[in-house]
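Chains, contacts and geometry: an overview
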Amino acid sequence: MTAASTRFQRLACCHPFELEDGMRRGETPDPTALAGAEYRGANTAGWTVRLRMQQFVKGFERRPDGGLRGYNRRVTQDGLDGEWAAPGERFAFFDVRPVDPAARDNHYLNALLLVYGAGGNRLLDPSRPIRDYLVRVDPGSDELLLGRAFLALGPFRPSPTFFVLERLR
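Read on for an overview of the structure. (Residues numbered from 1 in each chain as written. Predicted model: local features only at pLDDT ≥ 70, side-chain atom pairs only at ≥ 80, totals over all residues. Heavy atoms only, no water.)

1. Topic: the sheet that holds strand E5 (residues 112-115)
Ordered in space as E1-E2-E3-E4-E5-E6-E7-E8, the eight strands form a closed barrel in which the pairing is antiparallel. Each neighbouring strand pair of the sheet contributes to a mean axis angle of 30 degrees, computed without reference to strand direction. Along the sheet, helix H2 (residues 16-25) makes contact with strand E6 (130-136), strand E7 (144-151) and strand E8 (161-167), crossing E7 at roughly 105 degrees. (Pairing = 2+ DSSP bridges. Helix = DSSP H or I, 4+ residues; strand = E, 2+ residues; numbered from the N terminus. Axes fitted to C-alpha atoms, helices over the stretch in contact; angles between N-to-C directions. Contact = heavy atoms within 4.5 Å.)

See below:
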């Protein structure tokens, strides 16, 4: 794999206030453009970075019923200027859906919602409470995406991190 773009690296190092502004102003990605694509990903802060879980690959694929689902893959943790090498097996599967304004998980109405609890993961899989929101960084383009992860813990929705995605060539 190739190294991340300078723009991706800069965005991954932005202050959370800037990333929140990007989430609020971003557009909804096109699900048909995501199908079949893999993205290099980087968590921007929090426990994921401290535990050396900053880099990952996130992929999207069509379900047999026509809907969209996705997965994550671990990669070598060699820094934002690294190669995103040796992608591992797929894990932490999620369902992709539009945000429902009447649902509990409706923090960003302009985003797609990635629901790990509906992705077919095992009952005790630690990824099940994750809810990711995903928006475009640039209008009309699904090449660079910004996301924010939340944990669905009963009525609480703490957010441990933002993340950045860049389409792999």
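2. Looking at unusual backbone geometry
A negative phi angle is the norm for most residues apart from glycine, just as the trans form is the norm for most peptide bonds. One non-glycine residue with positive phi stands out, namely Trp84, at about 55 degrees. Counting through the fold element by element, Trp84 comes out in the loop between strand E3 (68-74) and strand E4 (90-98). Classification of Trp84 as buried rests on a relative accessible area of 0%. The phi dihedral of Ala92 falls on the positive side, at around 50 degrees, and the residue is not glycine. Structurally, Ala92 can be placed in strand E4. (Buried < 20%, exposed > 50% of the residue type's maximum accessible area, 1.4 Å probe, protein only.)

3. Observations regarding H2
Inspection of H2 places Leu19, Glu20 and Met23 among the buried residues, and these make up the whole buried set. The arc enclosing the buried residues of H2, seen along the axis, measures out at 100 degrees, which places them on a common side. Of the exposed residues in H2, the ones pointing more than 90 degrees away from its buried face are Phe17 and Arg25. Elements in contact with the buried residues of H2: helix H1 (6-12), E6, E7 and E8. (Arc of directions from axis to C-beta.)

4. A word on the nonpolar core
By size, the foremost hydrophobic cluster in this structure holds 24 residues, and its most contacted members are Phe8, Met23, Trp84, Tyr133 and Val164. Those elements giving two or more residues to this core turn out to be H1, H2, E5, E6, E7 and E8. Contacts of Val164, omitting those with residues within four sequence positions, involve Phe8, Leu11, Ala12, Arg40, Gly41, Ala42, Thr44, Leu144, Leu145 and Leu146. With 16 residues, the next largest nonpolar core counts Leu34, Leu114, Leu145 and Leu165 among its residues. (Core = buried A, V, L, I, M, F, W, Y, C linked by side-chain atoms within 4.5 Å.)

5. Comments concerning the environment of Gly88
Looking at the secondary structure, you find Gly88 in the loop between E3 and E4. By relative accessible area, which is 27% here, Gly88 ends up partly exposed. Between the C-alpha atoms of Gly88 and Asn72, which are 16 residues apart in sequence, the distance is 8.9 Å. Not counting residues within four places of it along the chain, the set of residues in contact with Gly88 comprises Arg73 and Arg74.

6. A word on the pairing of E6
Burial runs high along E6: six of the seven residues are buried. As judged from the four bridges shared by E5 and E6, these two strands associate in the antiparallel manner. When the sheet's bridge partners are listed, Val115 is paired in E6 with Arg131. By the bridge criterion, seven bridges tie E6 to E7 in an arrangement that is antiparallel. Paired with Asp132 across the two strands is Ala149, which belongs to E7.

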